[in-house]
Amino acid sequence: WEFNGSFYQPSAFLMMGIPGLEALHLWISIPFCALYLIALLGNCVILFIIKKTQSLHEPMYYFLSMLAVTDLGLVLCTLPTTLGVFWFNMRRIGFDACLTQMYFIHILSFIESSVLLAMAFDRFIAISRPLRHSSILTKTTVIKIGLAIILRGMVSLLPIPFLLKRLTYCGKTELSHSFCFHPDIMNLACADIKVNVFYGMIILLSTVGMDFIFIVLSYILIIKTVISLATKEECLRALNTCVSHICAVLVFFIPMIGLSMIHRFGKNVPPLINTLVAYTYLIIPPALNPIIYSIKSSHIREALLRALRRKTG
């Protein structure tokens, strides 16, 4: 412990695996390894296919590349500590290292939310203004959107580590997960955390919350546009281009909202439920997104098959 008058700060936190199942951690690590492997390989394949296939150099797939890079970042942020806990019972993480991991996990989560919003905007333009789609979303515009997304995440979350460092911490240093999460660290403090709670809630609502609202509004406009199309076949064709994105939105936002609600209001929720929702939020979307887009996008599927034929040929 570092002591400075009445100010206490732990030198490290202790991470938690799956409560009550510590004896089975080695076996539990097998599905986690499988999910991490799928996420790493799947997103790398998506990036490789988009880079090598000239016909995929358009806004929809540029945004998909951003999503794949973000998912890879999330995987690489949590993989070392999660497998460290499961394989070697390495539960200790330094205070500053924990804040750093927490900062990048939250940044990448906010970036993923914003990329999903950008993808919804892309689908709306593609369906409502198909002839102007390429002129509205030029390569330069997509790059500017990507930079704005990164900048928004970095700047909005920059105060969070400093707000946590100013707190006095009590004797309890055990986190609820095998990674560092802002509400989890905040709740270990024995100081007044109203500023942290207020700022965290404001940032969450003004970023992820607003992203979700605008995604819903985008789909309301998309549905209105689709209904106005002449034939049923055109309607189905237009909606079919949105299925992958809708799945990615649901896979990301449902566990994220659930985890946020549990940390803020679910004081009596069993620790196992809290842990499972957290792992679902951080591991399932990066593993499922490349599968969803590979299955639903005929362009990616065909490009992948062509690449495999070249390899085998």
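The name an unreviewed UniProt entry assigns to the protein is Olfactory receptor, from the organism Ardeotis kori. In its Sequence similarities (unreviewed entry) section, the UniProt entry covering the protein states "Belongs to the G-protein coupled receptor 1 family."

What follows deals with the overall build of the protein. What the protein contains, in helices and strands, is twelve helices and four strands. Computed over its C-alpha atoms, the radius of gyration of the protein comes to 21 Å, within 12% of the 20 Å expected for a compact globule of 313 residues. For the protein, the spread of C-alpha atoms along the three principal axes comes to 70 × 45 × 35 Å. Buried positions account for 49% of the 313 residues belonging to the protein. In the protein, the proportion of contacts linking residues at least 24 apart, taken out of those at least 6 apart, comes to 80%. Of the roughly 15,800 Å² of accessible surface on the protein, 71% is carried by carbon and sulfur atoms. Taken together, the 25 basic and 14 acidic charged side chains of the protein have centroids lying 7 Å from each other.

On inspection of all chains with the given rule, the structure shows four salt bridges. Between E174 and R91 there is a salt bridge, with the nearest N and O atoms lying 2.4 Å from each other. Within this pair, whereas E174 is found in the loop between helix 6 (159-165) and helix 7 (182-186), its partner R91 is found in the loop between helix 2 (59-88) and strand 4 (92-94), the two being separated by 83 residues in sequence. Its relative accessible area of 24% is what places R91 among the partly exposed residues.

Per the UniProt record, "transmembrane region" (unreviewed entry) is annotated on residues 24-50, 62-88, 100-121, 142-164, 197-222, 243-266 and 272-292. Between the C-alpha atoms that bound residues 24-50 the distance is 40 Å, and the span itself is 96% helix and 0% strand. Secondary structure across residues 100-121 divides into 100% helix and 0% strand, with the first and last C-alpha atoms of the span separated by 32 Å.

Inspection of the entire model under this criterion finds 13 aromatic pairs. Pairing F179 with F181 gives two aromatic rings, centres 6.5 Å apart and planes at 90°, and the pair type is edge-to-face. Aromatic side chains F252 and F253 sit 5.0 Å apart centroid to centroid with 85° between the ring planes, which places their arrangement in the edge-to-face category. F253 matches F252 in its accessibility class, with the two residues each being buried.

The subject of this paragraph is empty space enclosed by the protein. Using the criterion set out here, one finds three cavities of 30 Å³ or more in the structure. As a volume, the largest cavity reaches approximately 170 Å³. Every residue lining the largest cavity is counted, 15 residues in all, and those nearest its centre are H106, F110, H182, L204 and R264. Of all the secondary structure elements, the ones that give two or more residues to the lining of the largest cavity are helix 3 (95-128), helix 7, helix 8 (194-227) and helix 10 (243-265). Across the lining of the largest cavity, the residue classes tally to nine nonpolar, five polar and one charged. Quantified by volume, the second largest cavity comes out at close to 60 Å³. What lines the second largest cavity is M60, F63, M119, D122, R123, T241, S244, H245 and Y293. Only helix 2, helix 3 and helix 10 provide two or more residues apiece to the lining of the second largest cavity. No other element matches the three residues that helix 3 contributes to the lining of the second largest cavity.

The next point concerns the environment of M154. As for its position among the elements, M154 is in helix 5 (residues 139-157). By relative accessible area, which is 41% here, M154 ends up partly exposed. A sequence separation of 44 residues divides M154 from F110, and the C-alpha atoms of the two residues are 9.1 Å apart. When residues no more than four places from it in sequence are discounted, the contact partners of M154 are Y103 and I107.

In this structure, N89 takes a positive phi of about 55° despite not being glycine. The residue N89 is located in the loop between helix 2 and strand 4 in this model. Classification of N89 as exposed rests on a relative accessible area of 53%.

Along its 34 residues, helix 3 runs 50 Å from first to last C-alpha, staying within 8% of the 50 Å computed at 1.5 Å per residue. Most of helix 3 sits inside the fold, with 28 of its 34 residues counted as buried.

Direction vectors running N to C along helix 3 and helix 10 enclose 150°, while the axes themselves pass 11 Å from each other. If you check the angle between helix 3 and helix 10, you find them roughly antiparallel. The interaxial crossing formed by helix 3 with helix 10 has left-handed handedness. For the pair helix 3 and helix 10, contact is made by S109, F110, E112, S113, L116, M119 and A120 and by H245, A248, V249, F252, F253 and M256, respectively.

Cut-offs and rules
Residues numbered from 1 in each chain as written. Predicted model: local features only at pLDDT ≥ 70, side-chain atom pairs only at ≥ 80, totals over all residues. Heavy atoms only, no water. UniProt positions renumbered as here; feature names shortened; annotations may be inferred. Helix = DSSP H or I, 4+ residues; strand = E, 2+ residues; numbered from the N terminus. Rg over C-alpha atoms; globule rule 2.2 N^0.38 Å. Buried < 20%, exposed > 50% of the residue type's maximum accessible area, 1.4 Å probe, protein only. Contact = heavy atoms within 4.5 Å. Areas by Shrake-Rupley, 256 points an atom, 1.4 Å probe, with all protein chains shown as cover. Lys, Arg positive; Asp, Glu negative; His and termini not counted. Charge placed at Lys NZ, Arg CZ, Asp CG, Glu CD. Salt bridge = Lys/Arg side-chain N within 4 Å of Asp/Glu carboxyl O. Phe/Tyr/Trp six-rings, centres within 6.5 Å; stacked < 30°, edge-to-face > 60°. 1 Å grid on protein atoms, 1.4 Å probe; cavity = no way out; pocket = protein on both sides within 12 Å on 5 of 7 lines; lining within 4 Å. Points joined across faces, edges and corners; volume = space filled by probe spheres on them. Nonpolar A, V, L, I, M, F, W, Y, C, P; charged D, E, K, R; others polar. Expected span 1.5 Å × (residues − 1). Axes fitted to C-alpha atoms, helices over the stretch in contact; angles between N-to-C directions. Parallel < 35°, antiparallel > 145°, perpendicular 65-115°, else oblique. Left-handed = near helix turned anticlockwise from the far one by under 90°.

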